[in-house]
Amino acid sequence: MTRPLDDTHDPGLRSWVASANDPAGDFPIQNLPLGVFRRRGRSDVPRLGVAIGDQVLDLRRCGELRLFDGPPEVVAAAREASSLNRLLALGPEAHGSLRRAVSTVLRADGSRAEPAALVPLADAELRLPVEVGDYTDFYASIVHARNVGRLFRPDHPLPPSYRHVPLAYHGRSSSLVVSGMPVKRPCGQRPPAGGERPSFGPTERLDYELELGAWVGAGSRPGQPVAIDDAERHLGGFCLVNDWSARDLQAWEAQPLGPFLSKSFATSVSPWMVTVDALAPFRCAAARPAGDPPPLPHLASARNDALGGLDVTVEAWLESAEMRRCGIGPMRLSRARFREMYWTVAQMVAHHTSNGCPLRPGDLLASGTVSGSEDDAAGCLLERAAIGAPATLPTGERRGFLADGDEVTLRAYCSRDGFARIGFGSCSVRVLSASGGSPESR
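All values reported here derive from a predicted model rather than from experimental measurement. (Residues numbered from 1 in each chain as written. Predicted model: local features only at pLDDT ≥ 70, side-chain atom pairs only at ≥ 80, totals over all residues. Heavy atoms only, no water.)

Asker: Got a minute to help me understand the overall build of the protein chain in this structure?
Answerer: On a plain count of helices and strands, the protein chain comes out with 11 helices and 26 strands. Since a compact globule built from 442 residues should have a radius of gyration of about 22 Å, the 22 Å found for the protein chain is in line with a globular shape. In terms of principal-axis extent, the alpha carbons of the protein chain reach across some 70 × 55 × 40 Å. Sequence separation of 24 or more characterises 73% of the internal contacts of the protein chain that already satisfy a separation of 6 or more. Summed over its atoms, the accessible surface of the protein chain is roughly 18,100 Å², and 51% of this surface lies on carbon and sulfur atoms. Between the centroid of the 49 positive side chains of the protein chain and the centroid of its 51 negative side chains there is a distance of 2 Å. (Helix = DSSP H or I, 4+ residues; strand = E, 2+ residues; numbered from the N terminus. Rg over C-alpha atoms; globule rule 2.2 N^0.38 Å. Contact = heavy atoms within 4.5 Å. Areas by Shrake-Rupley, 256 points an atom, 1.4 Å probe, with all protein chains shown as cover. Lys, Arg positive; Asp, Glu negative; His and termini not counted. Charge placed at Lys NZ, Arg CZ, Asp CG, Glu CD.)

This is the structure we're talking about:
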């Protein structure tokens, strides 16, 4: 299922929130991403909000002011909940009704303009938007899989199953953190360096991974697979994901069972959920090349072939401690297009549930590193090294892997002729030393 276009996608819509009418902004009235916040410096119970320009529309306040109507369960979830889980569980029709109601409140005709329902983004403390039960990370970019595979299996870089099954591992939801929370360099066992015994200490090869994540909306029942054409009825929206990786720990521990401590120390997500409805204008064909093995029946669909892709541009930026001291802005490390992913999100959902595994509202499904075929489209530092394009910063510093004090920022946006540009905001995180400090504090 793909969501239909309606008047909420009209590129001519304008908002009474003036900053939302900037054509280069992430949060125009055509976007309306959902999140959770409270006023900075207060101990209030978190509440649901919608990003609009440089403001947050407080949905609890909207309910108190009776600014929008809709199904009672939708209005109650928007007004009373302190996470998105309750709303996610209501399914796509509920999500669509809330989107239409919020769009009406924010339109420039001013009939429902109520500045008292706004909080400046600068004054909002953004929270992890859901209570996450489970987290699965896929490996859906064939370019990334091939480039990294060449480091370990030069003659056969792709696993034999890659073109037949969406590969994934189960992550650690307890270490999911929202953008802005720093990440401490993890410790673990590192491979022997010229000796016979491994060593224990801080990772020397800390890396980021540029990914998109999909938040599960309505869940599925145990033992009941989700058909591929029904998969997106079980999704609420998308976010940015930085799947932090300790590459030396990963190389030592990942055989034969896969990642463990090299991944479980932290995964960062952006605070705003860009809804499936908002992305309706940016659907595109799936990217599987002609001549590749056709997917098995549970992963095959004419609808998925035609509209299973998402035309989202994703970017990673880096600012070192030295760049901050010199007043130099962040440097872009990569830019890639999610439409080039080998496996679609619907295929990920269908395969995830094909053995009867249930999904629950608020589960996170991450795409795996998003990479493209160009030299500047590698979605992590390990992959840049694999294709011979290490990062040289404006200060002359080189980055094979991340240094303490580095700040990684992920961004994403959609742009297509005839529609308003929409963005995902950012996921920005600074690396602390293993002792918990940063270069600036020493």
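Now that the structure has been shown, we can carry on.
Asker: Just to check I follow, could you spell out the side chain of Ser433 for this structure?
Answerer: The topology assignment puts Ser433 in the segment after β26 (422–432). A polar contact is formed between the side chain of Ser433 and the side chain of Ser435, at a distance of 2.8 Å. (Polar contact = N/O pair within 3.5 Å; in protein donor to acceptor, adjacent residues only side chain to side chain.)

Asker: Whenever I open this one, the environment of Asp58 confuses me. Can you help?
Answerer: Tracing the sequence through the fold places Asp58 in strand β3 (residues 55–58). Residue Asp58 is classed as buried on the basis of its relative accessible area, which comes to 6%. C-alpha separation for the pair Asp58 and Val119, spaced 61 residues apart in sequence, amounts to 6.9 Å. If we ignore the near neighbours within four places in the chain, the residues touching Asp58 are Phe37, Arg47, Leu48 and Ala117. (Buried < 20%, exposed > 50% of the residue type's maximum accessible area, 1.4 Å probe, protein only.)

Asker: Which parts of the structure should I look at to understand the side chain of His9?
Answerer: Summarising the element assignment, His9 is placed in the segment before β1 (34–39). Classification of His9 as buried rests on a relative accessible area of 5%. When near neighbours in sequence (up to four residues on either side) are disregarded, His9 contacts Pro4, Gln30, Arg99, Asp277, Ala278, Ala280, Pro281 and Phe419.

Asker: Teacher, can you tell me more about the pattern of salt bridges here?
Answerer: Side-chain pairing between opposite charges can occur once the charged atoms of the two side chains come close. One pass over the structure, following the stated rule, counts 28 salt bridges. Salt-bridge contacts for Arg335 lead to Glu315; the nearest nitrogen and oxygen are separated by 2.8 Å. On the criterion of sequence distance, the pair formed by Arg335 in strand β21 (residues 331–337) and Glu315 in strand β20 (residues 313–319) is long-range, its members being 20 residues apart. Overall, the relative accessible area of 5% leaves Glu315 in the buried class. Among the ionic contacts, a cluster of salt bridges with common partners joins Asp207, Glu209, Asp243, Arg247 and Lys263. (Salt bridge = Lys/Arg side-chain N within 4 Å of Asp/Glu carboxyl O.)

Asker: Looking at this structure, I do not really get the environment of Leu167. What am I missing?
Answerer: Tracing the backbone through its elements, the reader meets Leu167 in the loop between α5 (142–152) and β7 (168–170). The sequence separation of Leu167 and Asp137 amounts to 30 residues, and the corresponding C-alpha distance is 8.6 Å. Apart from residues no more than four positions distant in its own chain, Leu167 is found in contact with Asp137, Phe138, Tyr139, Pro159, Ser161 and Tyr162.

Asker: Even after reading the chapter, I still don't get the sheet that holds strand β2 (residues 47–52), so can you show me in this structure?
Answerer: Within a sheet, each strand pairs with its neighbour through backbone hydrogen bonds, oriented either parallel or antiparallel. With antiparallel pairing, the 5 strands of this open sheet are ordered in space as β4-β3-β2-β1-β5. Of all strands in the sheet, those with a lone pairing partner are β4 (118–120) and β5 (124–126), marking the two edges. When strand polarity is set aside, the average angle formed by the axes of neighbouring strands in this sheet is 50 degrees. Across 4 bridges, β1 lies against β2 in antiparallel orientation. The residue of β2 that forms the bridge with Leu34 is Val50. Docked against the sheet, helix α4 (residues 92–106) engages β1, β2 and β3, running at close to 115 degrees with respect to β3. (Pairing = 2+ DSSP bridges. Axes fitted to C-alpha atoms, helices over the stretch in contact; angles between N-to-C directions.)

Asker: Looking at this structure, how should I read α5?
Answerer: Every α-helix carries 3.6 residues per turn, so stepping three or four residues along brings you back to the same face. Those residues of α5 that sit buried are Ile142, Val143, His144, Ala145, Asn147, Val148 and Gly149. Considering only its buried residues, α5 is in contact with α11 (381–386).

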